[in-house]
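# Structural overview for review
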Amino acid sequence: MDVNKIVARYPAEMDNLLNILHALQDAHPLNFLPEENLKVVARYLNTTLSSVYGVVNYYTMLSTKPRGRHIIRLCHSPVCHLMGIGSVQEYLQKHLGVALNEPTPDGMFWVELSECLGICDVAPAMTIDHEPYGYLTEDDIVKIISEIREKDRSAKPDQPADE
Ligand code: FES
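## Topic: the nonpolar core
Judged by nonpolar contacts, the single largest core of 23 residues is most densely connected at Ile72, Leu74, Leu92, Leu96 and Met126. Contributing elements (two or more residues each) for this core: β1 (70–75), α6 (85–96), β2 (109–114), β3 (126–128) and α7 (138–154). The residues contacting Leu96, other than those within four sequence positions of it, are Ile72, Thr104, Phe109, Val111, Ile145 and Arg149. Counting residues in each nonpolar core, the second largest holds 18 residues, with Val3, Leu21, Leu24 and Leu45 among its members.

## Comments concerning the confidence of the model for the protein
Looking at the protein, the pLDDT average stands at 93 and 95% of residues meet or exceed 70. For the protein, per-element mean pLDDT is lowest for α7, which scores 94, and highest for helix α3 (residues 35–44), which scores 98.

## So, the packing of aromatic side chains
What the rule picks out here adds up to one aromatic pair. For the ring pair Tyr58 and Tyr59, a centre distance of 5.0 Å and an interplane angle of 85° mean the geometry is edge-to-face. Given a relative accessible area of 62%, Tyr58 falls into the exposed group.

## Observations concerning the environment of Ser87
Within the element layout of this structure, Ser87 appears in helix α6. Separated by 37 residues in sequence, Ser87 and Pro124 place their C-alpha atoms 10.0 Å apart.

## Let's talk about the environment of Val88
By the secondary structure assignment, Val88 is in helix α6. For the pair Val88 and Asp140, spaced 52 residues apart in sequence, the C-alpha to C-alpha distance is 9.6 Å. In this structure Val88 touches Leu74, Pro124, Leu136 and Ile141, once residues within four positions along its chain are discounted.

## Examining the pattern of salt bridges
Tallying each qualifying case throughout the model produces seven salt bridges. Between Glu35 and Lys39 there is a salt bridge; the shortest N-O distance is 3.7 Å. Here Glu35 and its partner Lys39 are both found in helix α3, four residues apart, which amounts to about one turn of the helix. The partner of Glu112 in a salt bridge is Arg67, with the nearest N and O atoms 3.4 Å apart. Taken together, the residues span a long stretch of sequence, with Glu112 in strand β2 and Arg67 in the loop between α4 (49–58) and β1 at a distance of 45 residues. Comparing Glu112 with Arg67, the two get one shared label, buried. Bridged by salt links that share partners, the residues Arg67, Arg73 and Glu112 form one connected network.

Analysis parameters
Residues numbered from 1 in each chain as written. Predicted model: local features only at pLDDT ≥ 70, side-chain atom pairs only at ≥ 80, totals over all residues. Heavy atoms only, no water. Core = buried A, V, L, I, M, F, W, Y, C linked by side-chain atoms within 4.5 Å. Buried < 20%, exposed > 50% of the residue type's maximum accessible area, 1.4 Å probe, protein only. Helix = DSSP H or I, 4+ residues; strand = E, 2+ residues; numbered from the N terminus. Contact = heavy atoms within 4.5 Å. pLDDT = per-residue confidence, 0-100. Phe/Tyr/Trp six-rings, centres within 6.5 Å; stacked < 30°, edge-to-face > 60°. Salt bridge = Lys/Arg side-chain N within 4 Å of Asp/Glu carboxyl O.

Structure, rendered in structure tokens:
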């Protein structure tokens, strides 16, 4: 990924900080923000590295630690709880063989909990890489994960992550 190229898509204004950080994180194959990328952002916006860290540390969706190629966020707010997200979570973790907030051994997935995702009408719900999934059942989990694995397998191996 070309960090400078991604950053340059946005005018050099502090109002764009969050959008730049999200774009950089999304473009990284392990969905995180290494310090060298944050330094590029600080220089570009003519601000301090600690100001950039302040924003990164404030938002739970931003990470300075390597995660996985695909980020699964399970809603743990009341409506999804009532609709059974607990058993979906248990099944998903068993299916992937992963604990919360840890990458799968192959680095493909990372599972974390989230506050309300804003799609309560389709509870229990989750997002994968910002894509919403609702009315989740155990069968859906198997299907969704297998579709993502298949899509990754058929993707061109030399396809750039940021273009
Ligand atoms: S409570 Fe789960 S999406 Fe709102």
